[in-house]
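Structural features, examined
In case you want the letters, here they are:
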Amino acid sequence: MWLWGRHAVEAALANPLRGAPLRLLATPERARELPDALAGVVRVEVLPPAEIARALPPGAAHQGLALKTAPLEPAEIAAVATPASGVIVVLDQITDPQNVGAIFRSAAAFGARAIVLQERHAPALAGALAKAAAGAI
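First, a word on scope: everything that follows refers to the structure included in this document. Quick caveat, the model's predicted, so the values are computed rather than measured.

Observations concerning the pairing of strand β4 (residues 65-68)
With three bridges connecting them, strand β1 (residues 2-4) and β4 associate as antiparallel partners. Along β4, the bridge assignment pairs Trp2 with Lys68. Two strands pair when backbone bridges link them, and strand β2 (residues 23-26) and β4 are joined in this way by four bridges, in the antiparallel orientation. In the sheet register, Leu24 faces β4, and the bridge partner there is Leu67.

A few points about the sheet that holds strand β3 (residues 44-46)
Strand order in this open sheet of four strands is β1-β4-β2-β3, and the pairing throughout is mixed. For this open sheet the edge positions go to β1 and β3, each flanked by a neighbour on one side alone. Neighbour-to-neighbour, the strand axes of the sheet open up by a mean angle of 20 degrees, direction not taken into account. Each of β1, β2 and β4 touches helix α1 (residues 6-14); the most contacted strand, β4, lies at about 45 degrees to it.

Details of the pairing of β2
Across three bridges, β2 lies against β3 in parallel orientation. Directly across from Leu25, in β3, lies its bridge partner Glu45.

Here's the deal with the nonpolar core
Leu3, Val9, Leu24, Leu34, Leu65 and Leu67 are the most contacted members of the largest nonpolar core, which has 13 residues in total. Of all the elements in the fold, those that place two or more residues in this core are α1, β2 and β4. Per-element tally for this core: the top contributor is α1, with three residues. Not counting the four nearest positions on each side in its chain, Leu34 is found in contact with Leu13, Leu24, Ala26, Val44 and Leu65. Counting eight residues, the second largest nonpolar core, distinct from the first, contains Trp2, Trp4, Leu47 and Ile52.

Re the side chain of Thr27
Note that Thr27 resides in the loop between β2 and α2 (28-33). Apart from the residues within four sequence positions on either side, Thr27 is in contact with Val46, Leu47, Pro49, Ile52 and Gly64.

Details of the pattern of salt bridges
As enumerated under the stated definition, the model contains five salt bridges in all. We note a salt bridge from Arg6 to Glu33, for which the minimum N-O separation is 3.1 Å. With Arg6 in helix α1 and Glu33 in helix α2, this residue pair connects regions lying 27 residues apart in the sequence. The class of Arg6 is partly exposed, set by a relative accessible area of 29%. Glu33 sits in the partly exposed class, given a relative accessible area of 38%. Between Glu45 and Arg23 there is a salt bridge, and its shortest N-O distance comes to 2.8 Å. Within this pair, whereas Glu45 is found in strand β3, its partner Arg23 is found in strand β2, the two being separated by 22 residues in sequence. One salt-bridge network, in which partners are shared between bridges, spans Arg6, Glu10, Glu29, Arg30 and Glu33.

About the criteria used
- Along each chain, residue indices are assigned from 1 in the same order as the chain's sequence is written.
- Reporting in this predicted model follows two pLDDT cut-offs: at least 70 for local features of residues, and 80 or more for side-chain atom pairs to be given and counted; totals over whole chains, interfaces and linings ignore these cut-offs and use all residues.
- Heavy atoms from the whole structure form the basis of all side-chain values; hydrogens and water molecules are not counted.
- Whether two strands pair comes down to DSSP finding at least two bridges between them.
- A helix here means a DSSP run of H or I that spans at least four residues, while a strand means a run of E at least two residues long, and both kinds are numbered starting from the N terminus.
- To get an axis, a line is fitted to the C-alpha atoms, and for a helix only the part in contact is used. The angle between two axes follows their N-to-C directions and goes from 0 to 180 degrees.
- Here a residue-residue contact requires only that any non-hydrogen atoms of the pair lie within 4.5 Å.
- Think of a nonpolar core as a cluster: buried Ala, Val, Leu, Ile, Met, Phe, Trp, Tyr and Cys residues, connected wherever their side-chain atoms sit within 4.5 Å.
- Three exposure classes are used, based on accessible area relative to the maximum for each residue type with a 1.4 Å probe and protein chains only: buried under 20%, partly exposed in between, and exposed over 50%.
- Salt bridges are defined by distance alone: a side-chain nitrogen of Lys or Arg within 4 Å of a carboxyl oxygen of Asp or Glu.

Scope: geometric values only; no functional claims are made or implied.
As structure tokens, then:
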């Protein structure tokens, strides 16, 4: 699955639950901005912006960074609901990835402990949703 956009990619790379990146594409400028700690983790493929765009869905605004990664493993509801305090956001059949991404950003800003999505009738936690979430996934 592809993630793109500066904040989405940087947050995914910093997330230890995400696992090892499968492929990281960067423009020369963005490659220089990546942390040195990534050197032993993943090879950065430095490409012109047009070549990065060809690897992604049409219209993806990659901002010079794209990451191919495995999806996050879902957490058990009991794990995020214990102890019983704080806010858990539950989404029901919200299918627009940009709306879900905006909800992730808002939930993070308000300190929500988790967001619960349905397996069906929910967009994948990738692409446009990840970019709209600006790293909040």
